[in-house]
Amino acid sequence: MTETETDLSLRREQYLEALRCLQRGDFAAATQFVSTNGTADPLGHALATLAHTLAGRARETRRFDCLIQRVNAGLLLDDILDSVYDDFRDLIPYDRLGLALLEPDGQTLTARWAKMDGGPIHLRRGYAAPLAGSSLQTIIETGQPRILNDLSEYLRQKPESESTRLVVAEGMRASLTCPLIANGVPIGFLFFSSTEAGAYRDAHVETFMRMAGHLSVIVERGRLASELAAQKRATERQNHELMLLNEHKNMFLGIATHDLRSPLSLFEMATSLLLDPHADISDDERLILLRDMQRQARHMLRLIDELLDMTAIESGHLHLEPIPVVLRPFLTEAVERHQQLARPKGTQVNLSLNGADGTVRADPVRLRQVIDNLISNAVKFSPPGSAIQVSAAREASAWRFSITDQGPGILPEERAQLFRAFARLSAIPTDGERSTGLGLAITRRVVEAHGGRIDVESTPGQGATFWFTLPD
């Protein structure tokens, strides 16, 4: 057997071994058969190319299998796309990957997710545009990806393209736009973008087309899983809200049976005594009974009003009728009214307007309710003979109102409960005043309904400043 025949026999054995490697999936071992003794070996090269191609396909399959397993395990859409962003960069080059989904009407395209290497994202989640008449409509109809290898030039030709302007501002210079079609139904687009002009070739289109079916189904399943998760969270939130409403209802009933029953019992006793012609009651005693009845009546009316307010708020029926409110006379009248109510405790209520000559657009009845609640609370928890400061000042685009007292202050661990309904805190009114635990909760809802904010600044033992803002 000649040397040439020996070489051919050896090469034939090598080819057979290469085929066995391919058969068992050992693609790396098969790639060694490219040339022999420096002589071009077309068949060996073809085997190596086939091994390389099959290795790439196998790698793609493994990645999709891994993604499918994650989807089946409950992986949500954002996590799926994060995995695609990290795992597929050797298949298609990109510095940015974006996803836009068609809305149920099939007419609107909404940006759903985007990720890029560094820099701020300008085309953000929630960006929406009509599909009809856009260049993307042709892509979704044909099912064929589109390459734009010079986005700057494309923008010069189509300056009305807002989405192109945004990605160019992000530094992108080339794009591969790929339609996603799951089970024959268009669902959206994947946008591969690169900072290098000319980054995309037909080979990348071929790569995507191999991936398209898997990617489309995976994205659709991830979207459905995300929607189901969102619906579950919404249901859980609604159930929690219903549970809270039920707790509030029980609290309402508890207050009605306790806080109303006691003053009504006193009313019955006092009226029976006053109506008894044989009762030996002096004028001073009669006056004490009447004043006590008046105080209890005020408490019951306030309680009923707050229960009705809280019921309206919880059911979403808080109605505002905002008008321009001139602040100086409004606040002056409120402070003078509370000065009279605070006089029995020897407490002063002072007003500092800080140049607050202006108007704020608000519902005057509800604004008075907020001011009254905060000042009456300050009086309630301030020691006799102390001073309460009410002030208003204009900020950048809002009015800031503050009520500062010299009471016990707010404990840090109680701040989170402060504006919740039926909150019971450790501070005790200094003159036996009664509270429903609803005033601050109602105040917060009213302020927020006006577009404002409310909070408190306090150091335990050194009083508290409750403040709220209302926009101009």
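Residues numbered from 1 in each chain as written. Predicted model: local features only at pLDDT ≥ 70, side-chain atom pairs only at ≥ 80, totals over all residues. Heavy atoms only, no water.

Quick look at helix α7 (residues 162-169)
Every buried residue of α7 is listed here: T164, L166, V167 and V168. On its buried side, α7 packs onto β3 (96-102) and α6 (151-157). One or two steps after α7, the chain reaches G171, where phi turns positive at roughly 100°. (Buried < 20%, exposed > 50% of the residue type's maximum accessible area, 1.4 Å probe, protein only. Helix = DSSP H or I, 4+ residues; strand = E, 2+ residues; numbered from the N terminus. Contact = heavy atoms within 4.5 Å.)

As for the pairing of strand β7 (residues 174-182)
Among the nine residues in β7, eight count as buried, and that is most of the element. By the bridge criterion, three bridges tie strand β6 (residues 146-148) to β7 in an arrangement that is antiparallel. Following the sheet pairing, I147 is matched in β7 by L176. Bridge count between β7 and strand β8 (residues 185-194): nine bridges; the pairing is antiparallel. If you follow L176 over to β8, its bridge partner there is F192. (Pairing = 2+ DSSP bridges.)

Let's talk about the side chain of R112
Looking at where R112 falls in the secondary structure, it is placed in strand β4 (residues 108-116). Take R112: its relative accessible area is 16%, and that puts it in the buried class. Within the structure, R112 has its side chain in polar contact with the side chain of D78 (distance 2.7 Å). Residues in contact with R112, not counting those within four places in the same chain, are L77, D78, L99, A100, L101, R125 and S226. (Polar contact = N/O pair within 3.5 Å; in protein donor to acceptor, adjacent residues only side chain to side chain.)

Examining the layout of surface pockets
Reported here for the second largest pocket is a volume of approximately 700 Å³. Lining the second largest pocket are 33 residues, with L136, S161, S163, T164 and F191 sitting closest to its centre. Among the elements that line the lining of the second largest pocket, the one with the most residues is β4, at five residues. Of the residues in the lining of the second largest pocket, the class split is 18 nonpolar, ten polar and five charged. (1 Å grid on protein atoms, 1.4 Å probe; cavity = no way out; pocket = protein on both sides within 12 Å on 5 of 7 lines; lining within 4 Å. Points joined across faces, edges and corners; volume = space filled by probe spheres on them. Nonpolar A, V, L, I, M, F, W, Y, C, P; charged D, E, K, R; others polar.)

A few points about empty space enclosed by the protein
Here the idea is plain: a probe the size of a water molecule rolls over the atoms and shows the empty space left. Taken as a whole and judged by the stated rule, the model has one cavity of 30 Å³ or more. Space inside the largest cavity adds up to approximately 40 Å³. What lines the largest cavity is simply A362, R366, L367, V370, V446, V447, H450, F468 and L470. Secondary structure elements with two or more residues in the lining of the largest cavity: α12 (364-381), α13 (439-449) and β15 (464-471). Of all the elements, α12 adds the most residues to the lining of the largest cavity, at three residues. Among the residues making up the lining of the largest cavity, the classes are represented as seven nonpolar, one polar and one charged.

Side note on the sheet that holds β4
Strand order in the open sheet made by the six strands is β5-β4-β3-β8-β7-β6, with antiparallel pairing throughout. A strand with exactly one partner marks an edge of an open sheet, and here the two such strands are β5 (128-130) and β6. Strand-to-strand twist across the sheet, computed as the mean angle between neighbouring axes with direction ignored, equals 25°. Both β4 and β5 contribute to a ladder of three bridges, which runs antiparallel. Each residue of the ladder has a partner; that of T110, found in β5, is A128. The strands that helix α4 (residues 77-87) touches are β3 and β4; relative to β4, the one it contacts most, it runs at about 50°. (Axes fitted to C-alpha atoms, helices over the stretch in contact; angles between N-to-C directions.)

Focus on the pattern of salt bridges
Tallying each qualifying case throughout the model produces 13 salt bridges. Residue R125 pairs with D78 through a salt bridge whose shortest N-O separation is 3.4 Å. Residue R125 is located in the loop between β4 and β5, and its partner D78 is located in helix α4; the two are separated by 47 residues in the primary sequence. By relative accessible area, D78 is classed as partly exposed at 26%. The partner of R368 in a salt bridge is D372, with the nearest N and O atoms 3.4 Å apart. In this pair, R368 and D372 both sit in helix α12, four residues apart, roughly one turn of the helix. Residues joined in a network through salt bridges with shared partners are E333, R337, R368 and D372. (Salt bridge = Lys/Arg side-chain N within 4 Å of Asp/Glu carboxyl O.)

Section: the packing of helix α11 (residues 327-342) against α12
The contact between α11 and α12 brings their axes to 10 Å, and the two run at 35°. Read as a crossing pair, α11 and α12 show a hand that is right-handed. Contacts from F330, L331, E333, A334, R337, H338 and A342 in α11 reach P364, L367, R368, I371, D372, I375, S376 and V379 in α12. Looking at the contact of α11 with α12, its residues break down into nine nonpolar, two polar and four charged. (Left-handed = near helix turned anticlockwise from the far one by under 90°.)

With respect to the environment of V84
Tracing the sequence through the fold places V84 in helix α4. Note: C-alpha distance between V84 and L215 (131 residues apart in sequence) is 9.1 Å.

Brief notes about the sheet that holds strand β12 (residues 387-394)
An order of β10-β12-β13-β15-β14 is seen for the five strands of this open sheet, with the pairing classed as mixed. The sheet is open, and its two edges are formed by β10 (348-352) and β14 (454-458), each paired on a single side. Averaged over neighbouring strand pairs, the angle between their axes works out to 15° when direction is ignored. Where strand β13 (residues 398-404) and β15 come together, seven bridges link them in antiparallel fashion.

Details of the packing of aromatic side chains
In this structure the tally under the stated criterion is six aromatic pairs. Residues F192 and F208 carry aromatic rings whose centres are separated by 6.5 Å and whose planes lie at 70° to one another, so their mutual orientation is edge-to-face. Placement of F192 in strand β8 and of F208 in helix α8 (residues 202-258) is noted, with a sequence separation of 16 residues between them. Grouping residues by exposure puts F192 and F208 together as buried. Judged by centre distance (4.8 Å) and plane angle (15°), the ring pair of F401 and F468 falls under stacked. Of this pair, F401 sits in strand β13 while F468 sits in strand β15, and the two are 67 residues apart along the sequence. We note that F401, like F468, is buried. A cation over a ring is seen here: R89 above Y85, with NZ or CZ 4.8 Å from the ring centre. Stacked on the ring of W467, the Lys or Arg R400 has its end atom at 4.2 Å from the ring centre. (Phe/Tyr/Trp six-rings, centres within 6.5 Å; stacked < 30°, edge-to-face > 60°. Lys NZ or Arg CZ within 6 Å of the ring centre and 35° of its normal.)

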